[in-house]
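# Commentary on secondary and tertiary structure
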2 protein chains.
Amino acid sequence: MKIYFTFDPRPDLKEKVLKDFPDVEFIFHNSIDDGVLKEAEVLVTYGEDIEARHIEVAEKLQWIMVASAGIEKMPQKEIAKRGIVVSNVRGIHKIPMAESVLAHILAYKRGLVWIYEQEQKAEWSRKSKASELHGSTALLIGPGAIGSEIGRLLQAFGVHTIGCNRSGKSVDYMNDMISFDALQNTLPKVDVVISVLPSTPDTLHLLKYEHFKAMKDSALFMNFGRGDLVATDVLMNALIEAEIAHAVLDVYEEEPLPSDHPFWQMTTVTVSPHVSSHSSRYMERSLEIFKPNLRKWLVGDNELINKMDITKGY
Amino acid sequence: MKIYFTFDPRPDLKEKVLKDFPDVEFIFHNSIDDGVLKEAEVLVTYGEDIEARHIEVAEKLQWIMVASAGIEKMPQKEIAKRGIVVSNVRGIHKIPMAESVLAHILAYKRGLVWIYEQEQKAEWSRKSKASELHGSTALLIGPGAIGSEIGRLLQAFGVHTIGCNRSGKSVDYMNDMISFDALQNTLPKVDVVISVLPSTPDTLHLLKYEHFKAMKDSALFMNFGRGDLVATDVLMNALIEAEIAHAVLDVYEEEPLPSDHPFWQMTTVTVSPHVSSHSSRYMERSLEIFKPNLRKWLVGDNELINKMDITKGY
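Nothing here was measured: the structure is a model prediction, and the numbers come from that model. (Residues numbered from 1 in each chain as written. Chains lettered and ligands numbered in written order. Predicted model: local features only at pLDDT ≥ 70, side-chain atom pairs only at ≥ 80, totals over all residues. Heavy atoms only, no water.)

### Observations regarding the pairing of strand 7 (residues 160–165) of chain A
Residues and elements named next belong to chain A. Of all six residues in strand 7, five are buried; the element is thus mostly enclosed. Across five bridges, the pairing between strand 6 (residues 137–141) and strand 7 is parallel. Bridge pairing in strand 7 places Leu-140 opposite Gly-163. Taking the sense of rotation as the criterion, the β-α-β connection linking strand 6, helix 7 (residues 145–156) and strand 7 turns out right-handed. (Buried < 20%, exposed > 50% of the residue type's maximum accessible area, 1.4 Å probe, protein only. Helix = DSSP H or I, 4+ residues; strand = E, 2+ residues; numbered from the N terminus. Pairing = 2+ DSSP bridges. Right-handed = clockwise from strand over helix to strand, strands pointing away.)

### Considerations on helix 11 (residues 282–298) of chain B
In this model, helix 11 of chain B (17 residues) spans 24 Å end to end at C-alpha, consistent with the 24 Å of a helix rising 1.5 Å per residue. Among all positions of helix 11 of chain B, only Tyr-282, Met-283, Arg-285, Ser-286, Leu-287, Ile-289, Phe-290, Lys-291, Asn-293, Leu-294 and Trp-297 of chain B are buried. (Expected span 1.5 Å × (residues − 1).)

### As for the pattern of salt bridges
All names here are of chain A. One pass over the full model with this rule turns up 30 salt bridges over all chains. Between Asp-20 and Arg-295 there is a salt bridge; the shortest N-O distance is 3.9 Å. Remark: Arg-295 occurs in helix 11 (residues 282–298) and Asp-20 occurs in helix 1 (residues 11–20); sequence separation between them is 275 residues. Among the residues examined, Asp-20 registers a relative accessible area of 37% and is labelled partly exposed. (Salt bridge = Lys/Arg side-chain N within 4 Å of Asp/Glu carboxyl O.)

### Side note on the sheet that holds strand 3 (residues 42–45) of chain A
Residues and elements named next belong to chain A. The five strands are arranged 2-1-3-4-5 in an open sheet whose pairing can be described as parallel. Each edge of the open sheet is held by one strand with a lone partner, namely strand 2 (25–28) and strand 5 (85–88). Each adjacent strand pair in this sheet contributes to an overall mean axis angle of 15°, direction not counted. Note that strand 3 and strand 4 (residues 63–66) share four bridges and pair parallel. (Axes fitted to C-alpha atoms, helices over the stretch in contact; angles between N-to-C directions.)

### Quick word on the packing of helix 7 of chain A against helix 7 (residues 145–156) of chain B
Taken N-terminus to C-terminus, the directions of helix 7 of chain A and helix 7 of chain B make an angle of 170°; their axes are 10 Å apart at the nearest point. As summarised for this structure, helix 7 of chain A and helix 7 of chain B are arranged roughly antiparallel, according to the angle between their axes. Of helix 7 of chain B, the residues touching helix 7 of chain A (which contributes Arg-152, Leu-153 and Ala-156 of chain A) are Arg-152, Leu-153 and Ala-156 of chain B. Of the residues assigned to the contact of helix 7 of chain A with helix 7 of chain B, the class counts are four nonpolar, no polar and two charged. (Parallel < 35°, antiparallel > 145°, perpendicular 65-115°, else oblique. Contact = heavy atoms within 4.5 Å. Nonpolar A, V, L, I, M, F, W, Y, C, P; charged D, E, K, R; others polar.)

### A look at the packing of aromatic side chains
Pairs of aromatic rings are described using the distance from one ring centre to the other and the angle between the two planes. Residues and elements named next belong to chain B. Under the definition given, this model contains 22 aromatic pairs over all chains. Plain terms: the ring middles of Phe-5 and Phe-28 are 4.8 Å apart, the flat faces sit at 50° to each other, and that makes the pair tilted. Here Phe-5, found in strand 1 (residues 2–5), pairs with Phe-28, found in strand 2 (residues 25–28); they are 23 residues apart in sequence, far enough to count as distant. Residue class for Phe-5 comes out buried when judged on its relative accessible area of 0%. The buried category is assigned to Phe-28, whose relative accessible area is 17%. (Phe/Tyr/Trp six-rings, centres within 6.5 Å; stacked < 30°, edge-to-face > 60°.)

### Concerning the interface of chain A and chain B
Counting residues at the interface gives 55 residues for chain A and 55 residues for chain B. Counting each side, the surface lost to burial between chain A and chain B is near 4,800 Å², with a carbon and sulfur contribution of 59%. Applying the counting rule to chain A against chain B returns two salt bridges. Among the ionic pairs, Arg-285 of chain B bridges to Glu-132 of chain A, the shortest N-O distance being 2.7 Å. Our count for the chain A to chain B interface comes out at 30 residue pairs in polar contact (both at pLDDT 80 or more). (Buried area = accessible area lost by both parts, 1.4 Å probe. Polar contact = N/O pair within 3.5 Å; in protein donor to acceptor, adjacent residues only side chain to side chain.)

### Examining the pairing of strand 9 (residues 192–195) of chain A
Residue and element names in this part refer to chain A. Burial along strand 9 is two-sided: the residues Val-192 and Ile-194 and Val-193 and Ser-195 are all buried. Judged from the four bridges that link them, strand 6 and strand 9 form a sheet pairing that is parallel. When the sheet's bridge partners are listed, Leu-139 is paired in strand 9 with Val-193. Two strands pair when backbone bridges link them, and strand 9 and strand 10 (residues 220–223) are joined in this way by four bridges, in the parallel orientation. Directly across from Val-192, in strand 10, lies its bridge partner Leu-220.

### A closer look at the sheet that holds strand 5 (residues 85–88) of chain B
Residue and element names in this part refer to chain B. Spatial ordering of the open sheet is given by 2-1-3-4-5, a layout of five strands whose pairing is parallel. A single partner strand is all that each edge strand has here, and the edge strands are strand 2 and strand 5. Averaged over all adjacent pairs, the angle separating strand axes in this sheet is 15°, with direction ignored. In the packing of helix 11 onto the sheet, the strands contacted are strand 1, strand 2, strand 3 (42–45), strand 4 (63–66) and strand 5, and the crossing angle to strand 4 comes to about 165°.

### Quick look at the relation of the copies chain A and chain B
Superposition record for chain A on chain B: RMSD 0.1 Å, screw rotation 180°, translation along axis 0.0 Å. Such a combination of rotation and displacement between the chain copies is what one expects of a two-fold axis. Considering only C-alpha atoms, the residue of chain A closest to the rotation axis is Ala-103 of chain A, which sits at 2.9 Å. Residue by residue, 100% of the interface of chain A is reproduced at the interface of chain B, so both copies engage with the same surface. (Least-squares fit on C-alpha atoms with pLDDT ≥ 70 in both.)

### Quick word on the nonpolar core
The biggest cluster of nonpolar side chains holds 62 residues, and the ones touching the most others in it are Ile-150, Leu-154 and Ile-194 of chain A together with Ile-150, Leu-154 and Ile-194 of chain B. What Leu-154 of chain B contacts, discounting residues up to four positions off in sequence, is Leu-102, Ile-105, Leu-133, Ala-138, Leu-140, Val-159, Thr-161 and Ile-194 of chain B. If you look at the next biggest cluster of nonpolar residues, it comprises 38 residues, including Ala-231, Val-234, Ala-247 and Leu-249 of chain B. (Core = buried A, V, L, I, M, F, W, Y, C linked by side-chain atoms within 4.5 Å.)

### Digging into the domain arrangement of chain A
Residues and elements named next belong to chain A. The domains assigned to chain A are domain 1 (2–92 + 280–298) and domain 2 (94–271). Averaged C-alpha coordinates put domain 1 and domain 2 at centres separated by 33 Å. Taken together, the contacts link five residues of domain 1 with five residues of domain 2. In total, about 450 Å² of surface goes out of reach between domain 1 and domain 2, with carbon and sulfur atoms giving 47% of it. The largest per-residue losses of area from domain 1 upon contact with domain 2 belong to Glu-72, Gly-91 and Arg-285, which jointly make up 65% of the total buried on that side. One can count zero salt bridges joining domain 1 with domain 2. The tally of links between domain 1 and domain 2 comes to two residue pairs in polar contact (both at pLDDT 80 or more). (Domains from an automatic or database assignment.)

Rendered as structure tokens:
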């Protein structure tokens with residue numbers, strides 16, 4: 001059986017895979033080669049390199065393992081039609097992402113940007129405007145594994161957590177749950193609004209201007225899901241009109257964020273270049289999900305860990 | 001009875017104190033007046049304004065409430081000789097300080113400074129060098145209420161915590177405890193070294209060059225206790241010689257840190273201007289300790305909350 005990686009993992013990690021599966025043929029490339037694709041039964045990819053025509057070429061393809069969480073750039077229809085199994089690395093993002101979210105919240109509350117500015121000027125002043133995270137209320141939009149991990153950490157800091165999803169069905173580490181319908185009425189009591197929603201047709205521009213208007217003037221808004229949760233101009237207006245105090249963004253409607261975009265210059269916006277899930281341990285963890293799945297696959301069990309419903313996008 | 005505040009709290013907080021104790025005479029000044037001091041039975045101060053001669057003037061003084069944690073700048077001998085009761089606000093620092101410590105650790109691990117630099121240049125790059133806090137080992141030097149709170153939060157992030165004090169006696173939220181003697185042997189396995197030690201004769205220059213040499217090259221050193229834990233030139237050499245990767249400092253042997261000090265310019269040092277305990281809720285919390293203490297005092301009970309042993313400095 002041929003397994004095609006469209007990226008090239010670190011040598012030590014690659015060696016371990018080869019050693020664990022001596023009877024499997026692995027091909028590691030930093031690009032997509034049609035000849036290899038034609039023969040591959042399993043494809044391991046970050047997802048962004050796969051187009052509809054690749055699915056056509058890959059005649060023998062039965063399983064795509066996506067070393068990422070979102071699959072919105074993949075040719076979902078073509079994959080579904082062929083009945084190809086798709087699995088992702090959901091779960092491995094939760095530690096680095098939750099740490100990034102907490103890093104940004106705490107940096108904001110404890111005045112780290114101010115401290116760094118003082119440092120650049122070599123200016124000793126103790127007039128910090130530090131506040132506390134403790135005792136705040138946070139709203140998590142779309143909590144799954146990542147949102148729940150963020151909730152767990154927020155609770156450790158004495159934060160009241162409210163989860164918001166389609167159904168209002170309970171999620172771990174949320175003090176309260178609401179459905180999307182109840183957003184508008186809940187926002188006025190929230191200090192930190194955090195979205196980790198993936199992009200699906202249901203969530204496109206889910207947040208409207210009236211939602212930002214309902215938030216506290218002191219609210220911190222964080223988008224760590226997908227950029228199209230809110231129209232860029234809606235978010236910009238809400239910030240310019242001071243409907244909220246600050247936004248930390250890791251995702252954007254257009255990525256890369258154009259270099260002349262106002263967000264870069266606005267002091268009320270922190271621009272993070274879609275790096276919140278980055279970690280020196282990312283590949284190691286992806287392979288920790290891939291290997292047991294491959295063992296299942298080799299004995300004909302296609303009930304894989306993190307098997308996705310490609311038609312729903314998650 | 002006269003109670004002399006040598007600072008002037010926010011009007012709403014002051015009003016509450018006056019209302020709660022209608023039979024007590026309060027004087028609020030932003031300075032020390034010898035005439036008032038002469039009559040005061042209770043002195044409420046940040047501690048840094050009290051000199052030996054003030055103790056002599058304050059003939060009727062029986063209790064000093066220090067709205068701070070450290071008392072090393074106070075005339076300890078003169079106070080002890082007079083048998084004046086001293087209490088502090090130990091405990092109220094733990095939430096803001098623990099949040100500041102976690103903010104700095106997470107900012108370091110998740111590459112926030114790099115993100116902010118990209119932002120200043122309006123440059124989209126995803127080559128972040130982010131690592132994770134999860135799975136690290138942290139050493140807390142001098143854990144009391146603050147260190148234990150830091151330990152609790154670190155454990156929530158999946159960090160193994162080691163506490164280090166005189167006796168090696170157990171402290172909450174520490175996975176292991178060691179005594180000062182075991183420092184040298186423990187440092188090689190530690191990723192983050194955090195001191196929250198107060199300044200006492202025992203802790204002056206407790207950390208030597210050999211301690212930094214024993215730390216990992218990748219270690220993060222944080223001093224949030226008192227600046228004289230390590231001689232400034234020892235710390236500077238350890239950083240220049242890359243014995244450790246980075247230092248986050250909130251305290252210094254000389255404060256304010258002189259504007260020409262190399263620390264300001266070193267990229268391996270984060271200079272925080274002694275603000276880690278700052279919080280918009282500081283005074284409110286100080287008064288929450290003061291008020292029950294004053295109730296005790298008024299009925300002749302001098303076993304106050306946070307009563308200190310002035311001769312030991314804590």
